[in-house]
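Residue strings, one per chain:
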Amino acid sequence: QVQLVESGGGLVQAGGSLRLSCAASGRTFSSYAMGWFRQAPGKEREFVAGITWNGAGTNYLDSVKGRFFISRDNAKNTVYLQMNSLKPEDTAVYYCARSITVSSLKTHRVDSWGQGTQVTVSS
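Here the structure is a predicted model, which is why all the values come from computation and not from measurement. (Residues numbered from 1 in each chain as written. Predicted model: local features only at pLDDT ≥ 70, side-chain atom pairs only at ≥ 80, totals over all residues. Heavy atoms only, no water.)

## Quick look at the sheet that holds strand β3 (residues 18-24)
Argument step 1. Taken in spatial order, the four strands of this open sheet run β1-β3-β8-β7, and their pairing is antiparallel. Of all the strands in the sheet, the pair left with one neighbour each is β1 (4-7) and β7 (68-73). Recorded for the sheet is a direction-independent mean angle of 15° between the axes of neighbouring strands.
Argument step 2. Where β3 lies against strand β8 (residues 78-83), six bridges are found, and the strand directions are antiparallel. Residue pairing for β8: Ala23 is matched across the bridge by Thr78. (Pairing = 2+ DSSP bridges. Helix = DSSP H or I, 4+ residues; strand = E, 2+ residues; numbered from the N terminus. Axes fitted to C-alpha atoms, helices over the stretch in contact; angles between N-to-C directions.)

## Examining the nonpolar core
Argument step 1. Counting residues in each nonpolar core, the largest one holds 27 residues, and the members touching the most others are Trp36, Val79, Leu81, Met83 and Tyr94.
Argument step 2. Elements that contribute at least two residues to this core include exactly β3, β4 (33-39), β5 (46-51), β7, β8, β9 (92-99) and β11 (117-122).
Argument step 3. Per-element accounting of this core gives the leading share, four residues, to β3.
Argument step 4. Grouped together as the second largest cluster of nonpolar side chains are eight residues, Ala33, Ala97, Val102 and Leu105 included. (Core = buried A, V, L, I, M, F, W, Y, C linked by side-chain atoms within 4.5 Å. Buried < 20%, exposed > 50% of the residue type's maximum accessible area, 1.4 Å probe, protein only.)

Right under this line is the structure:
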């Protein structure tokens, strides 16, 4: 069973930036697509960004396109989410997730979740 551990969340003012990291255990990291989801209070968990196993392809939630950027380092078993121009509506718990493909991530067919990291954007 893989373990996914997120870090990098925090409190930031609107317009600021944060970079989230997700470190994965095990030797199969490079075989899987990875993604980020978020869940705000009272709302359902939503797909934010996904990246293919080799980093060649990415996909984003429309509302974060051009502001958020997902990347991965397979040598470090780590996936990142660079978040720029943050808005108060980006406030949520952000979760790292693993699946076979980015398409699977987008339909929430996830086989492993991280514990989540809080991102709070003040206005």
